[in-house]
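Residue strings, one per chain:
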Amino acid sequence: MKKPIKYTPACAIIPYVLFIMAVCLSGHPCMANEPLTWLNFGQIPAYIQKGDYTGKGFIDQTIQWIHKTALTEYEPRYLNVNHKRFNIVAKQKNNCYIGWKTFSDYRTFSDPFAIWFPSGIIIHKKKRGAFGPQGALLSLEDLIQRDDLKLGIIEDFAYAPQVLEILSAHQDAKHVYPNITPAMQIDLTMLLNGRVDYIIGWPSQPIVTEKLYEIPNEFIFYNMKEDQTYLYIGVSCGTCDTGKRVIQKINTMFKNPENFLKAQSFIDEWVVLSDQYKTLFRQTIVERQPHPLVTHMVYPQ
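Just so you know, these numbers come straight off a predicted model, no measurement behind them.

Some remarks on empty space enclosed by the protein
Then comes step 1: Using the criterion set out here, one finds one cavity of 30 Å³ or more in the structure.
Then comes step 2: Looking at the largest cavity, its volume works out to about 50 Å³.
Then comes step 3: Considering the residues around the largest cavity, the lining is formed by F58, I59, T62, I98, F113, A114, I233, A263 and I267.
Then comes step 4: Counting only elements with at least two residues in the lining of the largest cavity, the list comes to helix 2 (58-69) and helix 10 (258-268).
Then comes step 5: At three residues, helix 2 tops the list of elements feeding residues into the lining of the largest cavity.
Then comes step 6: The residue inventory of the lining of the largest cavity, partitioned by class, reads eight nonpolar, one polar and no charged.

Concerning the pattern of salt bridges
Then comes step 1: Per the stated rule, a full pass over the model turns up four salt bridges.
Then comes step 2: Between E75 and R77 there is a salt bridge, with the nearest N and O atoms lying 3.7 Å from each other.

Focus: the state of the cysteines
Then comes step 1: Enumeration according to the criterion identifies one disulfide in this entry.
Then comes step 2: The thiol of C240 is not disulfide-bonded; the next cysteine sulfur, from C96, is found 7.2 Å away.

A closer look at the layout of surface pockets
Then comes step 1: In this model, the largest pocket occupies a volume close to 1,000 Å³.
Then comes step 2: F157, A158, Y159, W202 and M297 are the residues nearest the centre of the largest pocket, which is lined by 49 residues in total.
Then comes step 3: Of all the secondary structure elements, the ones that give two or more residues to the lining of the largest pocket are helix 2, helix 3 (83-89), strand 3 (96-99), strand 8 (151-154), helix 6 (161-169), strand 9 (176-179), helix 8 (204-213) and strand 12 (230-238).
Then comes step 4: Broken down by element, the lining of the largest pocket gets its largest block of residues, four residues, from helix 6.
Then comes step 5: Of the residues contributing to the lining of the largest pocket, the split by class is 33 nonpolar, 13 polar and three charged.
Then comes step 6: When its volume is computed, the second largest pocket comes out at roughly 480 Å³.
Then comes step 7: Taken together, 24 residues line the second largest pocket, and the ones lying closest to its centre are P203, F221, N223, V272 and S274.
Then comes step 8: Looking at the lining of the second largest pocket, the elements with two or more residues in it are helix 8 and strand 11 (219-224).

Definitions and limits used
- Residues numbered from 1 in each chain as written.
- Predicted model: local features only at pLDDT ≥ 70, side-chain atom pairs only at ≥ 80, totals over all residues.
- Heavy atoms only, no water.
- 1 Å grid on protein atoms, 1.4 Å probe; cavity = no way out; pocket = protein on both sides within 12 Å on 5 of 7 lines; lining within 4 Å.
- Points joined across faces, edges and corners; volume = space filled by probe spheres on them.
- Helix = DSSP H or I, 4+ residues; strand = E, 2+ residues; numbered from the N terminus.
- Nonpolar A, V, L, I, M, F, W, Y, C, P; charged D, E, K, R; others polar.
- Salt bridge = Lys/Arg side-chain N within 4 Å of Asp/Glu carboxyl O.
- Disulfide = S-S within 2.5 Å.

This is the structure we're talking about:
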């Protein structure tokens, strides 16, 4: 014989409803925040995922600060990508990243709020005799002609256009060593152990190597003739409704000029800012005036 169905009296449900309403009205979230996925390239010092400085990369800190300031209704989530996977994921709508204005057919881009340095040549100081005094302007085109000097590069990486042209013309050269790595930079220990004589990198790398790995900063960074252009940095999101809302909120946030300086302070923790950098940052970001040395990245798509 079937048991009779028991109905809960409405009066018994009312206390639970009142409790939930009280929690909501008290300011506690009744629903989880909407997730917002950020692409994490793993490039140090933009992102730091282990050790004492975990979460202290300049993009790590920028994302955290943006969420606290302008995106409180979103929960940040992170998706690790290397430069090859990025070319696929960047064409998807459900993510954002901080970086260059790329894949414009698929993404919407905020107003720039920072700039980044041109790439250059990094060596260990013991090789200085082959490259010249610190502060010299070097030519990759000239250096790559010398088969007695081993060059380390990242395989299939989006270097500056003129740099890519040179590397493409010498891709089969025995003294050019493509490095297959999920990271977006070459480990400077390759210079220490003599596996290569010079690499293409950024001025932050020697500082980062010393700070994170306690390796003495005995490296020299040279500016390179083939890449003297600074790149705009902003937020890029897919062209879905969420992406457009996020970009609008970020653009509104940076209408306050003090926020440019706050974003810049995160970069300042990891790089020695040159006078040229400071001048270009003030003119192109704070004053919103164009300069021929600052541009959006030309990315191979």
